[in-house]
Amino acid sequence: PDGRAQFGAYYSKGLAEPPDPDYPFVLTNGRLYGHWHTQTRTGRIEKICKMHPEPFIEIHPRDAARLGVVDSMYVEVRSRRGKAKFPAKVTKAIAPGTVFVPMHWGSLWADNAEANALTHPESCPDSLQPELKACAVQLIPISVEITAKDRDYQKIGFKTSS
């Protein structure tokens, strides 16, 4: 009533959509270091574009081995809301059972590269702030391993710039 902000503690009940046998992985997505403008501005900075030239999905080596996924192999990520395709980046930087996709490229890069479209719209009932961008997904390896220099983006469903 007096116009001053109030802090209200919010206790998480856990993920709104935890993994299950049909969707055994937890997808997280968010920003990458340096991409603070979702590529509206940072996408034009050459140094940042060289650091992260395209979307990717981080997968732990143990999960990648179990699925038969190697670096640069494409993986289809399916949630209860849709699907997307990303080249794999096998790394110990992500926990087993969890995968990470940066949100910066989206539909500007490809028709099937929108990480936010996979997550759910759950939010805090008081603040209306969205829940952590995480949801249950399944991973399906696409049997095409492509190196950056010879990618055929049209073949795998990505847009190309002319």
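Our structure's up above, just so we're on the same page.
Here goes a summary of the coordinates provided. (Residues numbered from 1 in each chain as written. Predicted model: local features only at pLDDT ≥ 70, side-chain atom pairs only at ≥ 80, totals over all residues. Heavy atoms only, no water.)

1. Details of the overall build of the chain
Here is step 1: From N to C terminus, the chain includes three helices and six strands.
Here is step 2: Secondary structure of the chain in N-to-C order comes out as β-α-β-α-β-β-β-α-β.
Here is step 3: Looking at the chain as a whole, 38% of its 162 residues qualify as buried.
Here is step 4: Considering only contacts within the chain whose residues lie at least 6 apart along the sequence, 74% involve residues at least 24 apart.
Here is step 5: By element, 53% of the accessible surface of the chain is carried by carbon and sulfur atoms, the whole surface being about 10100 Å². (Helix = DSSP H or I, 4+ residues; strand = E, 2+ residues; numbered from the N terminus. Buried < 20%, exposed > 50% of the residue type's maximum accessible area, 1.4 Å probe, protein only. Contact = heavy atoms within 4.5 Å. Areas by Shrake-Rupley, 256 points an atom, 1.4 Å probe, with all protein chains shown as cover.)

2. Describing the nonpolar core
Here is step 1: Grouped together as the largest cluster of nonpolar side chains are 19 residues, with contacts concentrated most on I57, I59, V75, V77, V137 and L139.
Here is step 2: Where this core is concerned, the elements lending two or more residues are β1 (25-30), β2 (57-59), β3 (73-79), β4 (82-90), β5 (98-102) and β6 (134-145). (Core = buried A, V, L, I, M, F, W, Y, C linked by side-chain atoms within 4.5 Å.)

3. A word on the environment of V75
Here is step 1: Looking at where V75 falls in the secondary structure, it is placed in strand β3.
Here is step 2: The spacing of V75 and I140 is 65 residues in sequence and 5.6 Å in space, taken between C-alpha atoms.
Here is step 3: When neighbours within four sequence positions are excluded, V75 is seen to be in contact with I57, I59, V69, A84, K85, F86, A88, L139, I140, P141 and I142.

4. With respect to the packing of aromatic side chains
Here is step 1: Applying the stated criterion to the full structure yields zero aromatic pairs.
Here is step 2: Positioned above the aromatic ring of F56 is the side chain of K89, whose terminal nitrogen or guanidinium carbon lies 4.5 Å from the ring centre. (Phe/Tyr/Trp six-rings, centres within 6.5 Å; stacked < 30°, edge-to-face > 60°. Lys NZ or Arg CZ within 6 Å of the ring centre and 35° of its normal.)

5. Side note on the pairing of β1
Here is step 1: Of all the six residues making up β1, five are buried; the element is thus mostly covered by neighbouring parts of the structure.
Here is step 2: The pairing of β1 with β5 spans five bridges and is classified as parallel. The residue of β5 that forms the bridge with N29 is V101. (Pairing = 2+ DSSP bridges.)

6. A look at the environment of V77
Here is step 1: Relative to the helices and strands, V77 is located in strand β3.
Here is step 2: Put simply, V77 and I140 are 63 residues apart on the chain and 6.5 Å apart in space, counted from C-alpha to C-alpha.
Here is step 3: In this view, V77 contacts I57, G82, K83, A84, F86, L118, V137, Q138 and L139; residues no more than four positions away in its chain are not counted.

7. Thoughts on the side chain of D63
Here is step 1: Looking at the element boundaries, D63 is found in helix α2 (residues 61-67).
Here is step 2: Apart from residues no more than four positions distant in its own chain, D63 is found in contact with F25, A95, P96, G97 and T98.

8. Things to note about unusual backbone geometry
Here is step 1: In this structure, S72 takes a positive phi of about 75° despite not being glycine.
Here is step 2: With respect to the secondary-structure elements, S72 resides in the loop between α2 and β3.
Here is step 3: Given the relative accessible area of 24%, S72 is considered partly exposed.

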